[in-house]
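What follows is the residue order along each chain.
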Amino acid sequence: MPFSMLQGDITTLKVDAIVNAANSSLLGGGGVDGAIHRAAGPALREYCAGLGGCRVGQAKGSPGFDLPAKWVIHTVGPIWQGGSQNEAALLAACYRNALALAAESGCSSVAFPLISAGAYGYPKDQALAIAKQEILAFLAKHEMDVTLVIYDKSSFQPSRSLISELTAYWERCSSAAPTFPREAGLAASVAVLSTPDTQETTNKKPCFSSHSRPSAKQAATCNGALGHADNLAEADNCRSSELEARLHSLDESFSQMLLRKIDEKGVSDAACYKRANVDRKLFSKIRSDPNYRPSKPTAIAFAVALELPLPEARELLMKAGFALSHSNKFDVIIEYFLSTGNYDIYQINEALFAFDQALLGAG
Ligand code: APR
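The text that follows walks through the structure, step by step, so that each part is easy to find. Because the structure is predicted, anything quoted here is derived from the model rather than measured.

All right, on to the packing of aromatic side chains then. With the rule as written, the count across this model stands at eight aromatic pairs. Between Tyr-95 and Phe-112 the ring centres are 5.0 Å apart and the planes differ by 40 degrees, which places this aromatic pair in the tilted class. Of the two residues, Tyr-95 is situated in helix H3 (residues 87-104) and Phe-112 in strand S5 (residues 109-112); the sequence distance between them amounts to 17 residues. Per residue, the accessibility class of Tyr-95 equals that of Phe-112, and both read buried.

With that settled, the discussion passes to unusual backbone geometry. The phi angle at Asn-86 is positive, at roughly 65 degrees, despite the residue not being glycine. As for its position among the elements, Asn-86 is in the loop between strand S4 (71-76) and H3. The phi dihedral of Asp-356 is positive, around 55 degrees, even though this residue is not glycine. Of note, Asp-356 is situated in the segment after helix H15 (345-354). Accessibility expressed as a relative area gives 60% for Asp-356, which makes it exposed.

A separate point is the pairing of strand S2 (residues 17-22). Across the six residues of S2, five count as buried, placing the element largely inside the fold. Looking at chain direction, S2 and S4 are connected through six bridges and run parallel. The residue bridging Asn-20 from the neighbouring strand is His-74, located in S4. Here two bridges tie S2 to S5, and the two strands are oriented parallel to one another. When the sheet's bridge partners are listed, Ala-17 is paired in S5 with Val-110.

Time to look at the site of the ligand. Close to the ligand lie 23 residues; Gly-30, Val-32, Asp-33, Gly-118 and Ala-119 are nearest. Val-32 is positioned with one of its backbone polar atoms (N or O) 2.7 Å from an oxygen atom of the ligand. Here Ala-119 contributes a backbone N or O atom positioned 2.8 Å from an oxygen atom of the ligand. When isolated, the ligand has an accessible area of 690 Å², and the protein chains bury 91% of it. Listing elements by their share of the shell around the ligand, those giving two or more residues are S2 and helix H1 (31-40). In terms of residue count, H1 provides more of the shell around the ligand than any other element does, four residues in total.

Criteria and thresholds
Residues numbered from 1 in each chain as written. Predicted model: local features only at pLDDT ≥ 70, side-chain atom pairs only at ≥ 80, totals over all residues. Heavy atoms only, no water. Phe/Tyr/Trp six-rings, centres within 6.5 Å; stacked < 30°, edge-to-face > 60°. Helix = DSSP H or I, 4+ residues; strand = E, 2+ residues; numbered from the N terminus. Buried < 20%, exposed > 50% of the residue type's maximum accessible area, 1.4 Å probe, protein only. Pairing = 2+ DSSP bridges. Near = heavy atom within 4 Å. Polar contact = N/O pair within 3.5 Å; in protein donor to acceptor, adjacent residues only side chain to side chain. Areas by Shrake-Rupley, 256 points an atom, 1.4 Å probe, with all protein chains shown as cover.

Geometric values such as these leave the question of function open.
Shown next as structure tokens:
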């Protein structure tokens, strides 16, 4: 996934490069700097001693040594002094220069901590906003998997107003009578299962659902005209040829509908998969396979990228075999954003991350 977030310890990630929130000596310290040096072993400090330090906003690289990551990109964030000492520009430069160095080194995956949001005291919500802004600006022009690692949830502060709106929406959904209560849903799904040809005329109960073979007696009863068992073979033939006809006349698949919607919206493939936070390789798989079955987060990511109104989004989801329900947080969060016309997939992902849900996008 081009841009993702995860909660954890950056030193454990097996990516091409992890970024270190270092100090200008590059000789180690506390926080993530200390953790990286401990995990990489003493060779890292020896190597860094030869780099001649690093200025705030700049980035320098080293091998990962004992870390699972191949490289470490050391950058020095600004110390927060109230916001009037060019801190925002310097912090943005940290991400920009670290990403540029990663791209020059041929990295395809990089993980960042929240630079300056610890000992250097940068307000966490502003640090998060700058990280997101610079990573997304880079991904608009480059292909790379970039992960923002949140070590402790307290340093992750999406907008409070958004969280309270979502919580209120969730309470409304879970307290209101479910739009499709289980028992009614069950009855409805049984009704859908028994297709017209298995139902006797005039409101009689269905003899059997369309996917169970009828007993001789049932078939004879249901198909009065046959009247005896040796026509069972004829009934079977008729049913299997009908099933064959149905299988041949399946309506459009998920990927066919997706490609049609992309054309209708007049967006390019690249614009669509980038807005969906899906990587190019996965998109070309979807484009070339009319029967491709996406995961639910991927299907929704495309509905968001195409800015589909809720009913159209539900239709696209249905093609992939999914629905949105009021019984789980992920679905309610998605419904909230689609129903309010907010198609910022990264804001949606921040909300999903805040509620420990899977993120939108793939690859
Ligand atoms: N994995 C991922 N993130 C981590 C880890 C870890 N193992 N340990 C800490 N963090 C997070 C913190 O929770 C914070 O959100 O990294 C972010 C940056 O915090 P610091 O490590 O304190 O870095 P910073 O605020 O940039 O201060 C840098 O602190 O450790 C010293 O030598 C370092 O002088 C430099 C200063």
